[in-house]
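What follows is the residue order along each chain.
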Amino acid sequence: MSVEQKAVVIYDTTLRDGTQGEDFSLSVEDKVRIALKLDEFGIHYIEGGWPDSNPKDKQFFQEIKNYELRNAKIAAFGSTHHPAQSPEKGLRALVEAGTPVITIFGKSWTVHVKEALRISLERNLEIIQNSVAYLRQHVDEVIYDAEHYFDGFKEDRDYALQTLKRAHEAGATTLVLCDTNGGTLPHELAEIIQETRKHFPSATFGIHAHNDSELAVANSLEAVRNGITHVQGTINGIGERCGNANLCSIIPNLCLKMNIPCIPAENLRKLRHVSRYILELANMPPNKYQPFVGRSAFAHKGGVHISAVRRNPRTYEHIDPELVGNKRRFLISDLSGKAAVKMKAEEFGIKLPEDDPVARSILLRIKELEAAGFQFEAAEASLELLIKRLEGESRKYFELLGFRVIDQKEEDGRPPVSEATIQIRVGGQVEHTAALGQGPVNALDNALRKALEKFYPQLKTMELIDYKVRVLPGREGTASKVRVLIESSDGKDTWGTVGVSHDILEASWQALVDSITYKMYKDEKEKSSS
Ligand SMILES: CC(=O)SCCNC(=O)CCNC(=O)[C@H](O)C(C)(C)COP(=O)(O)OP(=O)(O)OC[C@H]1O[C@@H](n2cnc3c(N)ncnc32)[C@H](O)[C@@H]1OP(=O)(O)O
Ligand SMILES: CC(=O)C(=O)O
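Residues numbered from 1 in each chain as written. Chains lettered and ligands numbered in written order. Predicted model: local features only at pLDDT ≥ 70, side-chain atom pairs only at ≥ 80, totals over all residues. Heavy atoms only, no water.

1. Description of the overall build of the protein
Basically, it comes down to this: Going along the chain from the N terminus, every DSSP run of H or I of four or more residues is numbered as a helix, and every run of E of two or more is numbered as a strand. For the area figures, the Shrake-Rupley method with a 1.4 Å probe applies, and any residue is considered shielded solely by the protein chains shown. Positive charges come from Lys and Arg, negative ones from Asp and Glu, while His and the chain ends are left out of the count. Throughout, a charge is located at the NZ atom of Lys, the CZ atom of Arg, the CG atom of Asp or the CD atom of Glu.
Secondary structure summary: the protein contains 18 helices and 16 strands in total. Roughly 24700 Å² of accessible area belongs to the protein as shown, and the carbon and sulfur atoms make up 48% of that amount. Mean positive and mean negative side-chain charge positions of the protein (68 and 75 charges, respectively) differ by 4 Å.

So, in structure tokens, the structure goes:
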């Protein structure tokens, strides 16, 4: 095996193969914004789409001409010409896209030639040769994607090599070996690449791997170890079936582990941002467990881990999270130890002295509460208030004197009406209010705010942005305990709070009170630190 360490060019196909992924669809405007972001990030090639496929892809190639890209070349994608058409007719849309680079895929696997195209093996070779030669008359760079190359090589090695030979001789500037079905193992891939490269000593080779065996990243890195200098993939690994090789993993592995230059080194810190930007535009939820860029990629939960990371982060981190724009996080749970509690308290700006027994009592209380169904990972505002309370320093902003919630359904087919009345005391003043709501929890929330806003007008800026109820495991049916998680925002910050009870209103009340209390506590904290 050769271990050449040439620079690698990155070819992004998020806008083409990415959009072949389930639930991933982009407007022309989104495509343009993503292309600009990828260019700024330092990607070398951006495959914009298949101009012959749909009006959106065609329009993208027109729109992107209005921008001057700093790093990337735009590539239009398509297939070799249709067997029943001439190259001039079959490839016209690709040429009309007006890009400096055209990428076409052709068939390497005899099974595909016979069964998908239903033409002779010789005719396929002609089509490959004529397509590449025709396109080279129009652009300087023609990238040839040898579809199913590894499967084709395994089925009929000589034929697969002949397809590459035709593309190479016709002027293809890069020969991309595709693991289209994603079934190839790294050791097979290495052997096939080594054997293939012997036949084309002067050619530039690329890799395009799919993730059906969860090996697309490993296969791409293995290809680079075997002398391949052009790597195709998508941001977040989005793509047909199980996706493409994930550039959010390939790029940092190349830069940080293999010491192979690809994108400008200083841009690596933007990796997480690029990953999020694309998900945001596509309206897709992020995968928190995604290596390098996911929210949990550097989240430590086990007490033993946290204790060691506090002493030296290398003990449980393969890289410094900041190198890829991510953050280290410490999660507090019933698996924590006192080192974790101290770390978390420090994050909240609360310094617990080294030998302070309060850390142990906080830890015991957290473990008790978790055993009772609480969970603080998504409710750090409740955790911060709890630590403050146990540290003996928390301020009570109001006192509940009582509430009543009525949910009245008058007849079938009409929605019930929810109304809450509440009595609270703030300082020496008692306030008594009532409010309607969309359901009992909303009515209670409205009544509480109505009562409090007079004393704390800053509550007007706050809203509940998410409300989740989870029935805790047990066999008690409708008498089960529930956990309520509330996420709140004041436009500047968002925070999570939690409540647990057999009574859904009581659990909601606990989370609601923490949410409101946290807003006031947070504002005071900000004021005193400014
Ligand atoms: C591995 C990959 O990811 S390749 C990229 C796959 N991506 C896509 O398919 C998305 C875009 N595709 C499309 O919009 C449409 O499929 C189009 C516009 C390309 C073609 O649409 P249609 O003409 O209606 O054909 P249809 O989709 O039914 O079938 C594909 C045709 O392409 C032909 N074809 C497939 N691969 C090749 C190839 N490498 N060279 C030449 N022709 C090919 C097939 O033989 C078939 O033509 P036929 O029905 O005349 O035999
Ligand atoms: C070309 C391509 O997308 C593939 O072979 O998977």
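2. What about the site of ligand 2?
Quick reminder of the rule: Working definition: residue near molecule or strand if any one of its non-hydrogen atoms lies within 4 Å of it. Under this definition, polar contacts are N or O atom pairs within 3.5 Å; protein pairs additionally need one hydrogen-donor-capable and one acceptor-capable atom, and for neighbouring residues in sequence, both atoms have to be side-chain atoms. The residue classification treats Ala, Val, Leu, Ile, Met, Phe, Trp, Tyr, Cys and Pro as nonpolar and Asp, Glu, Lys and Arg as charged. All others, Gly included, are polar.
Lining the immediate environment of ligand 2, one finds Arg 16, Asp 17, Asp 145, Glu 147, Cys 178, Thr 180, His 208 and His 210. Separating an oxygen atom of ligand 2 from a side-chain N or O atom of Asp 17 is a distance of 3.2 Å. Burial of ligand 2 by the protein amounts to 94% of the accessible area it has alone, namely 210 Å². When the residues that make up the shell around ligand 2 are grouped by side-chain class, the tally is 1 nonpolar, 3 polar and 4 charged.

3. Some details on the site of ligand 1
Not every one of the 16 residues close to ligand 1 is listed here, only the nearest: Gln 20, Ser 53, Thr 80, His 82 and Glu 147. Residue Ser 53 places a side-chain N or O atom 2.7 Å away from an oxygen atom belonging to ligand 1. When isolated, ligand 1 has an accessible area of 1000 Å², and the protein chains bury 54% of it. Contributions of two or more residues to the shell around ligand 1 are made by strand S3 (73-79), strand S4 (101-107) and helix H5 (110-117). Tallied by class, residues from the shell around ligand 1 come to 5 nonpolar, 7 polar and 4 charged.

4. Considerations on the domain arrangement of the protein
Convention followed: By convention here, the domain bounds are inherited from an automatic or database domain assignment.
By domain assignment, the protein separates into domain 1 (9-263) and domain 2 (299-371). Relative placement of domain 1 and domain 2: their C-alpha centres are 45 Å apart.

5. Concerning unusual backbone geometry
Definition in use: For each residue, the accessible area found with a 1.4 Å probe, counting protein chains only, is set against the maximum for its type, and the residue is called buried under 20%, exposed over 50%, and partly exposed in between.
Phi is positive for His 148, which is not a glycine, with a value near 55°. Judged by its relative accessible area of 3%, His 148 falls in the buried class. Residues other than glycine seldom take positive phi values, yet Asn 259 does so here, at roughly 55°.

6. Considering the pattern of salt bridges
Our working definition: Criterion for a salt bridge: a side-chain nitrogen of Lys or Arg within 4 Å of a carboxyl oxygen of Asp or Glu.
Inspection of the entire model under this criterion finds 36 salt bridges. Salt-bridge contacts for Arg 166 lead to Glu 122; the nearest nitrogen and oxygen are separated by 3.3 Å. In this pair, Arg 166 sits in helix H8 (residues 157-169) while Glu 122 sits in helix H6 (residues 121-136), placing the two residues 44 residues apart along the sequence. The partly exposed category is assigned to Glu 122, whose relative accessible area is 40%. In this structure, Glu 195 engages Arg 157 in a salt bridge whose closest nitrogen and oxygen atoms are separated by 2.7 Å. Of this pair, Glu 195 sits in helix H9 (residues 186-199) while Arg 157 sits in helix H8, and the two are 38 residues apart along the sequence. Residue classification places Glu 195 among the partly exposed residues on the basis of a relative accessible area of 23%. Judged by its relative accessible area of 32%, Arg 157 falls in the partly exposed class. Within this structure, Asp 490, Lys 492, Asp 493, Lys 519, Lys 522, Asp 523 and Glu 526 form a network of salt bridges that share partners.

7. Re the sheet that holds strand S13 (residues 429-437)
The cut-off we apply is this: Strand pairing is assigned whenever DSSP identifies at least 2 bridges connecting the two strands. Working convention: axes come from line fits to C-alpha atoms, limited for helices to the stretch in contact. Angles between N-to-C directions cover 0 to 180 degrees.
Read from one edge to the other, the open sheet built from 3 strands follows the order S11-S12-S13, with strand pairing classed as antiparallel. Where the open sheet ends on each side, the last strands, each with one partner, are strand S11 (399-408) and S13. On average, adjacent strands in this sheet sit at an angle of 10° to one another, irrespective of strand direction. Here strand S12 (residues 417-426) runs beside S13; their pairing, made up of 9 bridges, is antiparallel. By the bridge assignment for S13, Ile 422 is matched with Thr 433.

8. Notes on the sheet that holds strand S15 (residues 482-489)
Hydrogen bonds between backbone atoms are what pair the strands of a sheet, whose relative direction is either parallel or antiparallel. One open sheet holds the 3 strands; their spatial order is S14-S15-S16, and the pairing between them is antiparallel. Edge positions in the open sheet fall to strand S14 (463-471) and strand S16 (494-501), since each of these has one partner strand only. Adjacent strand axes in the sheet meet at a mean angle of 15°, parallel and antiparallel pairs treated alike. As paired strands, S15 and S16 are joined by 8 bridges and run antiparallel to one another. In the strand pairing of S16, Ser 489 is matched with Thr 494.

9. Examining a nonpolar patch on the surface
Inclusion rule: Candidate patch residues must exceed 30% relative accessible area and have no salt bridge, after which like charges are joined if within 9 Å and Val, Leu, Ile, Met, Phe, Trp or Tyr side chains if within 5 Å.
Residues Tyr 467, Val 469 and Ile 504 make up a contiguous nonpolar surface patch of about 230 Å² in total accessible area. Along the polypeptide, Ile 504 turns up in helix H18 (residues 504-529).

10. A closer look at the nonpolar core
What counts here: We call a set of buried Ala, Val, Leu, Ile, Met, Phe, Trp, Tyr and Cys residues a nonpolar core when their side-chain atoms join them within 4.5 Å. Note on contacts: a residue pair qualifies if any of its non-hydrogen atoms lie within 4.5 Å across the two residues.
Counting 84 residues, the largest nonpolar core has Ile 10, Tyr 144, Tyr 149, Leu 164, Leu 175, Ile 251 and Leu 254 as the members making the most contacts within it. Broken down by element, this core gets its largest block of residues, 7 residues, from helix H12 (residues 271-282). With sequence-adjacent residues up to four places away left out, Leu 175 is seen in contact with Tyr 144, Leu 164, Ala 167, His 168, Phe 200, Ala 203, Thr 204, Phe 205 and Gly 206.

11. Some points on the packing of helix H14 (residues 338-347) against helix H15 (residues 357-371)
How we decide: Each angle gets one of four labels, with under 35 degrees taken as roughly parallel, over 145 as roughly antiparallel, 65 to 115 as roughly perpendicular, and the rest as oblique.
Contact geometry of H14 with H15 gives a least axis separation of 9 Å together with a crossing angle of 100°. Relative to H15, the element H14 is oriented roughly perpendicular. Facing H14, whose interface residues are Lys 338, Val 341 and Lys 342, H15 presents Ala 359, Arg 360, Ile 362, Leu 363 and Ile 366. Classifying every residue of the contact of H14 with H15 gives 5 nonpolar, no polar and 3 charged.

12. A short note on the packing of H15 against helix H16 (residues 380-390)
What counts here: In a left-handed crossing the near helix is turned counterclockwise from the far helix by less than a right angle, and in a right-handed crossing that turn is clockwise.
Taken N-terminus to C-terminus, the directions of H15 and H16 make an angle of 135°; their axes are 10 Å apart at the nearest point. The pairing of H15 with H16 is recorded here as oblique in orientation. Where H15 crosses over H16, the handedness of that crossing is right-handed. On H16, the residues touching Val 358, Ser 361, Ile 362, Arg 365, Ile 366 and Leu 369 of H15 are Leu 383, Leu 386, Ile 387 and Leu 390.

13. A short note on the environment of Thr 315
Here Thr 315 lies in the loop between helix H13 (303-311) and strand S10 (329-330). Residue class for Thr 315 comes out partly exposed when judged on its relative accessible area of 43%. What Thr 315 contacts, discounting residues up to four positions off in sequence, is Ala 308 and Val 309. Within the structure, Thr 315 has its side chain in polar contact with the backbone nitrogen of Val 309 (distance 3.5 Å).

14. Concerning the environment of Val 441
When you line up the elements, Val 441 lands in helix H17 (residues 440-453). Judged by its relative accessible area of 17%, Val 441 is buried. Between the C-alpha atom of Val 441 and that of Tyr 467, which follows or precedes it by 26 residues, the distance is 9.8 Å. Residues contacting Val 441, with those up to four places away along its chain left out, are Tyr 467, Leu 505 and Ser 508.

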